[in-house]
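# Fold and geometry: a report
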Amino acid sequence: MVERSDDDTGFREPPDGLLTTPENRVLAHMDRPGDVAAVIEQLGNAGVPPDQVYVLRGPKGAERLDVSGEQHGLRGRTYRIMEWMGDERDVLLRSGDHVAAGGLVVTVPTDEADKAEAARILADHGAHDIAHFGKGHWEHLGS
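Here's what I pulled together on the structure shown here. Since the structure is predicted, the reported quantities are computational estimates derived from the model, not experimental observations. (Residues numbered from 1 in each chain as written. Predicted model: local features only at pLDDT ≥ 70, side-chain atom pairs only at ≥ 80, totals over all residues. Heavy atoms only, no water.)

## So, helix 5 (residues 115-124)
To keep it simple, the criterion reads: Only protein chains enter the accessibility calculation, which uses a 1.4 Å probe; a residue is then buried when its area is under 20% of its type maximum, exposed when over 50%, and partly exposed in between. Helix numbering and strand numbering both begin at the N terminus, where a helix is a DSSP run of H or I of at least 4 residues and a strand a DSSP run of E of at least 2. When we speak of the arc, we mean the arc of directions from the helix axis to the C-beta atoms. Throughout, a contact is declared for two residues whenever any of their heavy atoms are within 4.5 Å.
Every buried residue of helix 5 is listed here: K115, A118, A119, I121 and L122. Viewed along the axis of helix 5, the buried residues span an arc of 160 degrees, placing them on a single side of the element. Exposed positions of helix 5 whose direction lies more than 90 degrees from the buried face are A116 and D124. If you follow the buried residues of helix 5, they end up packed against strand 1 (25-30), helix 1 (33-45), strand 3 (104-109), strand 4 (128-133) and strand 5 (138-140). Note on helix 5: the residue one or two positions beyond its end, G126, has a positive phi of about 95 degrees.

Here you go:
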């Protein structure tokens, strides 16, 4: 599995394939690449492996997110339909809109014990629409 960076920022994209609802990750929307770089550095100092922090941005990020699932065939469309019936729909739509408008979507590996610290670090650097996705549930962590 090759992780890619589509620009000179060095940000890691999630592994290839349909991007499904994250599990044991904090997801946040950010507006400036410099703030994302600062978050990754601070998270690294807190023990989060920088290569496990994933960033979606630009047209490639929107294509990877594939809100409709159409670019991933029947399996992708079926999965998105299931998400649309659940609470994840709003998060998916907002994330798609944010990336399409030039924003960045960042996901950070966390467990229940670390989610608040990750959310705090993200918020300190301007992140918004922060949510934690656990196993089978999610919760909003910030504005």
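Once the structure has been displayed, the description carries forward.
## Observations concerning the pairing of strand 4
Defined as follows: Each pair of strands is called paired provided DSSP finds at least two bridges between the two strands.
By the bridge criterion, four bridges tie strand 1 to strand 4 in an arrangement that is antiparallel. Opposite R25, over in strand 4, you have F133 as the bridge partner. Here strand 4 folds back onto strand 5 in antiparallel fashion, the turn holding four residues, of which G136 has a positive phi close to 80 degrees.

## A closer look at the sheet that holds strand 2 (residues 54-57)
Applicable threshold: Every angle, taken between N-to-C directions, lies between 0 and 180 degrees, and every axis is a line fitted to C-alpha atoms, over only the stretch in contact when it is a helix.
The strand order across the open sheet built from five strands is 2-3-1-4-5, with neighbouring strands paired in antiparallel fashion. Of all the strands in the sheet, the pair left with one neighbour each is strand 2 and strand 5. Each strand of the sheet is rotated relative to its neighbour by a mean of 20 degrees, with strand direction disregarded. Along the sheet, helix 1 contacts strand 1, strand 2 and strand 3; its crossing angle with strand 3, the most-contacted strand, is approximately 5 degrees. Along the sheet, helix 5 makes contact with strand 1, strand 3, strand 4 and strand 5, crossing strand 1 at roughly 10 degrees.

## Description of the pairing of strand 3
Counting buried positions along strand 3 yields five of six residues, so the element is predominantly enclosed. As paired elements, strand 1 and strand 3 share six bridges and run antiparallel to each other. Paired with A28 across the strands is V106, a residue of strand 3. Sheet analysis places strand 2 next to strand 3, joined by four bridges and oriented antiparallel. Bridged to R57 within strand 3 is L104.

## Side note on the pattern of salt bridges
A side chain of one charge can pair with a side chain of the opposite charge if their charged atoms are brought near each other. To keep it simple, the criterion reads: By salt bridge we mean one thing: a side-chain nitrogen of Lys or Arg within 4 Å of a carboxyl oxygen of Asp or Glu.
Within this structure, the stated rule accounts for seven salt bridges. Residue K135 pairs with E23 through a salt bridge whose shortest N-O separation is 3.9 Å. Pair noted here: K135 is in the loop between strand 4 and strand 5 and E23 is in the segment before strand 1, with a separation of 112 residues, a long-range link. Residue classification places E23 among the partly exposed residues on the basis of a relative accessible area of 43%. One network of salt bridges, with partners in common, ties together E112, K115 and E139.

## What about helix 2 (residues 58-65)?
Among the residues making up helix 2, those that are buried are G61, R64 and L65. All buried residues of helix 2 lie within an arc of 100 degrees about the axis, which places them on one face of the element. Across from the buried face of helix 2, at angles greater than 90 degrees, the exposed residues are P59 and K60.

## Some thoughts on the environment of N24
Note that N24 resides in the segment before strand 1. In this structure N24 comes out as partly exposed when scored by relative accessible area, which is 34%. Not counting residues up to four positions away in its chain, the partners in contact with N24 are V108, P109, T110, H132, F133, G134 and K135.

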